[in-house]
Amino acid sequence: MTEVPPPIEIDAAAGPAPLGMPPETFLRDYWQKRPLLIRNAFPGFVSPITPEDLAGLACEDGVLARLIEHDKARDGWTVRHGPFAEDDFPGLPHHDWTLLVQDVDKWDADLRALLPHFDFLPRWRIDDIMVSFAATGGSVGAHVDQYDVFLLQAQGHRRWQIDASPAPPLEFRNDVDIKLLRDFQPTHDWVLGPGDMLYLPPGVPHHGVAEDPCLTFSVGMRAPSAAELLGDYADTLAADAPDELRYADPDLVLPADATEIDEAAMARVEAALRRLRMDDPDRFGDWFGAFITTYRSAVQPAPDDDAPPRTALERALAAGARLWRHPWSRMAWRRARQGGPGAARLYAGGAAHALDVDDARRLAAADTVDATLYAGLAEAGKATVVALLAAGHYRLDEEDAP
């Protein structure tokens, strides 16, 4: 009996939002397996930001922004990078261009409030929410991403075409400055309105074109390549390696040919590299925790030289103040192999903190720390909060106090 594949389009109006199905079902049937169009993922959705907000953000220093224009007459593409000047936008035509801004969730708290809807995924896997505004006809061309993405239509309408065939062509054009597919043959064609959402696993070719002026939110996953992982891992190994750990050959015998790299030499090279690797699971976990909580754009909270000492912090919290997590702060936690069943590590912006499981879990999940949460922490947890405040991961807001 032939198994019927799950549907590629569903209506989530009847719930549960935003997937229209239990998260377990989505992870089993769709996650990194097949695309899914979810109508009414966010029924009645109203964008928390406007195109004008996005254009203003694209003019700020430190914001990653691109402007992509399409000359349909010659099928040419032009890419400009921000920051932009305010007078760059009024001169644009009414069609065929797209403004894309990365990490908008770090700059806008209302947009960041969307992220808890995606808690069916590990939070450390979520990279950012990119927002694009497209004039009518605006597009970035047919392309393919190597990471999972949820494309939420926030305002206006966008036509999405995808190629969900088993082996789509993936060759790139060599006549443009962006990675566009040379051949794109869509198998599905939809128009999304506000609140509709398209999930795409890695490697699915897709092409979005604005039917009218529109905003699209792209919730993208962080999926480091094997080369990126290996490069950072090797750098960490090399930085920590003792100088006396070297190639050695105390078993050397008279060579048959002094110019030959023989099998015994290669075995010694392999043995030297094996001695260098991280056999300790906690050391290996600390490397990855540090790696994954560091932003791929290298943006980190800046240390706060004026952070209050612990006594002043505790007085402020007792008076009703609270700590707010810096929007660029990435945190995650892991159970430690050593230190007993309740031992854990909290990772924040590349640094590791030894805590018990309950405190690591609470701090990794908390966007704010108030007197109640702080009082419930063990001594190591309280000391970690003070250290994170000094490192810039929290901001003390005394305006919360009555």
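What counts, and where the lines are drawn
- Residues numbered from 1 in each chain as written.
- Predicted model: local features only at pLDDT ≥ 70, side-chain atom pairs only at ≥ 80, totals over all residues.
- Heavy atoms only, no water.
- Pairing = 2+ DSSP bridges.
- Helix = DSSP H or I, 4+ residues; strand = E, 2+ residues; numbered from the N terminus.
- Contact = heavy atoms within 4.5 Å.
- Axes fitted to C-alpha atoms, helices over the stretch in contact; angles between N-to-C directions.
- Buried < 20%, exposed > 50% of the residue type's maximum accessible area, 1.4 Å probe, protein only.
- Expected span 1.5 Å × (residues − 1).
- Arc of directions from axis to C-beta.
- Polar contact = N/O pair within 3.5 Å; in protein donor to acceptor, adjacent residues only side chain to side chain.
- Patch = residues over 30% accessible without salt bridge, like charges linked within 9 Å, V, L, I, M, F, W, Y side chains within 5 Å.
- Areas by Shrake-Rupley, 256 points an atom, 1.4 Å probe, with all protein chains shown as cover.
- Salt bridge = Lys/Arg side-chain N within 4 Å of Asp/Glu carboxyl O.
- Lys, Arg positive; Asp, Glu negative; His and termini not counted.
- Charge placed at Lys NZ, Arg CZ, Asp CG, Glu CD.

What follows is about the sheet that holds strand β18 (residues 394–397). Reading across the sheet, the 3 strands line up as β17-β13-β18 and stay open at both edges, with antiparallel pairing between neighbours. With partners counted over all chains shown, the strands left at the sheet margins are β17 (368–369) and β18, one partner each. Here strand β13 (residues 322–325) pairs with β17 via 2 bridges, running antiparallel. Across the sheet, Trp-324 pairs through a bridge with Thr-368, a residue of β17. Together, β13 and β18 form the strand contacts of helix α11 (residues 379–390), whose direction differs from that of β18 by roughly 95°.

Within strand β6 (residues 126–134), 9 of the 9 residues are buried, which leaves it mostly tucked inside the rest of the structure. Where strand β5 (residues 97–101) and β6 come together, 4 bridges link them in antiparallel fashion. Across the sheet, Val-101 pairs through a bridge with Val-131, a residue of β6. Here β6 runs beside strand β12 (residues 214–221); their pairing, made up of 8 bridges, is antiparallel. Following the sheet pairing, Val-131 is matched in β12 by Phe-217.

Looking at the secondary structure, you find Leu-355 in strand β16 (residues 351–356). The spacing of Leu-355 and Ala-344 is 11 residues in sequence and 5.3 Å in space, taken between C-alpha atoms. If we ignore the near neighbours within four places in the chain, the residues touching Leu-355 are Gly-342, Ala-343, Ala-344, Leu-346, Ala-360, Leu-363, Ala-380, Gly-381 and Thr-384.

A few words on α11. In this model α11 runs 17 Å from its N-terminal to its C-terminal C-alpha over 12 residues, within 8% of the 16 Å that 1.5 Å per residue would give. Of the positions making up α11, those classed as buried are Gly-381, Lys-382, Thr-384, Val-385, Val-386, Leu-388 and Leu-389. Positive phi appears at Gly-392, one or two residues downstream of α11, with a value of about 95°.

Moving on to the environment of Pro-35. Relative to the assigned elements, Pro-35 resides in the loop between α1 (23–29) and β2 (36–39). As a C-alpha pair, Pro-35 and Lys-179 span 144 residues in sequence and 21 Å in three-dimensional space. The residues contacting Pro-35, other than those within four sequence positions of it, are Ile-8, Tyr-30, Ile-162, Ala-164, Tyr-199, Leu-200, Pro-201 and Val-204.

Side chains of residues three or four places apart in an α-helix project in the same direction, reflecting 3.6 residues per turn. Within helix α9 (residues 357–365), the full set of buried residues consists of Val-357, Asp-359, Ala-360, Leu-363 and Ala-364. Buried residues of α9, viewed axially, fall in a sector of 165°; they line one side. Where α9 begins, the side chain of Asp-356 points an oxygen toward the backbone nitrogen of Asp-358, at a separation of 3.3 Å.

What follows covers a negative patch on the surface. Judged by side-chain charge, Glu-60, Asp-61, Glu-86 and Asp-87 come together as a negatively charged surface patch. For Glu-60, the location among the structural elements is in the loop between α2 (51–58) and β3 (65–71).

Another point: unusual backbone geometry. Note that the residue after Ala-17, namely Pro-18, is joined by a cis bond; omega there is 0°. Within the secondary structure, Pro-18 is located in the loop between β1 (9–11) and α1. Of the consecutive residues Gly-82 and Pro-83, the connecting peptide bond is found in the cis state with omega at 5°. Within the secondary structure layout, Pro-83 lies in the loop between β4 (76–81) and β5.

Right, let's get into a nonpolar patch on the surface. A cluster of nonpolar side chains, Tyr-247, Ile-261, Met-266, Val-269 and Leu-273, forms an exposed patch at the surface whose accessible area comes to about 510 Å². Take Leu-273: it is sitting in helix α6 (residues 263–276). Overall, Leu-273 belongs to the exposed group, its relative accessible area being 56%.

Right, let's talk about the pattern of salt bridges for a bit. All chains considered together, the criterion is met by 27 salt bridges. Arg-283 is paired through a salt bridge with Asp-240; the nearest N and O atoms lie 3.7 Å apart. Of this pair, Arg-283 sits in helix α7 (residues 281–292) while Asp-240 sits in helix α5 (residues 226–240), and the two are 43 residues apart along the sequence. Here Arg-334 makes a salt bridge to Asp-286, at a shortest N to O gap of 3.6 Å. Of the two residues, Arg-334 sits in strand β14 (residues 331–335) while Asp-286 sits in helix α7, which places them 48 residues apart along the sequence. Sharing partners across several salt bridges, the network here consists of Asp-282, Asp-286, Arg-334 and Arg-345.

Without other data, these values stay purely geometric and don't point to any function.
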